[in-house]
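So you can see what is in the structure, the chains are spelled out below.
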Amino acid sequence: MDKVTIKIRYFSEEMEPLRYIDGKSDWIDLRSAETVDMKAGEFRLIHLGFAMQLPEGYEAHVVPRSSTFKTWGLLQTNSMGVIDCSYCGDHDEWMVPFYATRDTHVDKGDRIAQFRIMKNQPQIVFETAEHLTGADRGGFGTTGKN
């Protein structure tokens, strides 16, 4: 497996360093850098407490953890955040945009999101065609139906 070195700047010495959790996944958990109280219907950017310099040609995908909605009633408003390698300065703190579906309380250090890095997509050239050669699956929402 290839290894990639990434520079990271934490905004507080109290922040737990980023790391893989128990070797269960190649996603890395992200913790709230602040204690947050939100009312139902409120939107907020929750600070994650660091800036990161991704390698050229990579981007990060940020999503909620599977327990985020169940535990706090939070929905990530952009469904998935994409952070490209140009967001790499000393003050480019990572944050997650959340919408509260109920009154909630997040403690500093709670694992609220996760991320992984991916190589950028190659350049795509679209070619117009009258017909496609693949087998028809029946259209949207038809998988598994007779």
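Preceding this section is the structure that the text describes.
Worth saying up front: this structure is predicted, and the values here are computed from it rather than measured.

Q: How would you sum up the nonpolar core? Please name residues and give values.
A: Residues V62, L74, W94, I112 and F115 are the most contacted members of the largest nonpolar core, which totals 23 residues. Of all elements in the fold, only β2 (28-31), β3 (36-38), β5 (50-53), β6 (58-64), β9 (95-100) and β11 (111-119) reach the threshold of two or more residues within this core. Residues contacting W94, with those up to four places away along its chain left out, are I46, H47, L48, G49, F50, A51, M52, A60, V62, I83, Y87 and F115.

Q: Now, about the environment of H105: what can you tell me, with residues and values included?
A: Along the chain, the position of H105 falls in strand β10 (residues 104-106). For H105, a relative accessible area of 36% puts it in the partly exposed group. A polar contact of 2.6 Å, which involves the side chain of H105, links it to the side chain of D37. Only 2.6 Å separates the side chain of H105 from the side chain of D107, close enough to count as a polar contact.

Q: Could you give an account of a nonpolar patch on the surface, naming the residues involved and the relevant values?
A: Taken together, the side chains of F43, L45, F69, L75 and Y99 present a nonpolar region at the surface, about 470 Å² in accessible area. By relative accessible area, which is 40% here, L75 ends up partly exposed.

Q: Let's hear about the pattern of salt bridges: which residues, and what values?
A: Enumeration according to the criterion identifies seven salt bridges in this entry. We note a salt bridge from R31 to E16, for which the minimum N-O separation is 3.4 Å. Of this pair, R31 sits in strand β2 while E16 sits in the loop between β1 (7-10) and β2; the two residues are 15 residues apart in sequence, bridging distant segments of the chain. When the shortest N-O distance is used, the salt bridge between R44 and E34 registers 3.1 Å. Residue R44 is located in strand β4 (residues 43-47), and its partner E34 is located in the loop between β2 and β3; the two are separated by 10 residues in the primary sequence. Take R44: its relative accessible area is 26%, and that puts it in the partly exposed class. Each of E16, R19 and R31 takes part in salt bridges that share partners, so that together they form one network.

Q: Residue-level account of the sheet that holds strand β7 (residues 74-76), with values.
A: If you walk across this open sheet you meet the three strands as β4-β9-β7, and the pairing is antiparallel. Strands with a single pairing partner mark the edges of an open sheet, and in this sheet they are β4 and β7. The mean inter-strand angle of the sheet, taken between neighbouring strand axes irrespective of direction, is 40°. Relative to β9, β4 runs antiparallel, the two sharing five bridges. Of the residues in β9, the one forming a bridge with H47 is M95.

Reading guide: rules and limits
Residues numbered from 1 in each chain as written. Predicted model: local features only at pLDDT ≥ 70, side-chain atom pairs only at ≥ 80, totals over all residues. Heavy atoms only, no water. Core = buried A, V, L, I, M, F, W, Y, C linked by side-chain atoms within 4.5 Å. Buried < 20%, exposed > 50% of the residue type's maximum accessible area, 1.4 Å probe, protein only. Helix = DSSP H or I, 4+ residues; strand = E, 2+ residues; numbered from the N terminus. Contact = heavy atoms within 4.5 Å. Polar contact = N/O pair within 3.5 Å; in protein donor to acceptor, adjacent residues only side chain to side chain. Patch = residues over 30% accessible without salt bridge, like charges linked within 9 Å, V, L, I, M, F, W, Y side chains within 5 Å. Areas by Shrake-Rupley, 256 points an atom, 1.4 Å probe, with all protein chains shown as cover. Salt bridge = Lys/Arg side-chain N within 4 Å of Asp/Glu carboxyl O. Pairing = 2+ DSSP bridges. Axes fitted to C-alpha atoms, helices over the stretch in contact; angles between N-to-C directions.

These figures come from the coordinates and say nothing about function on their own.
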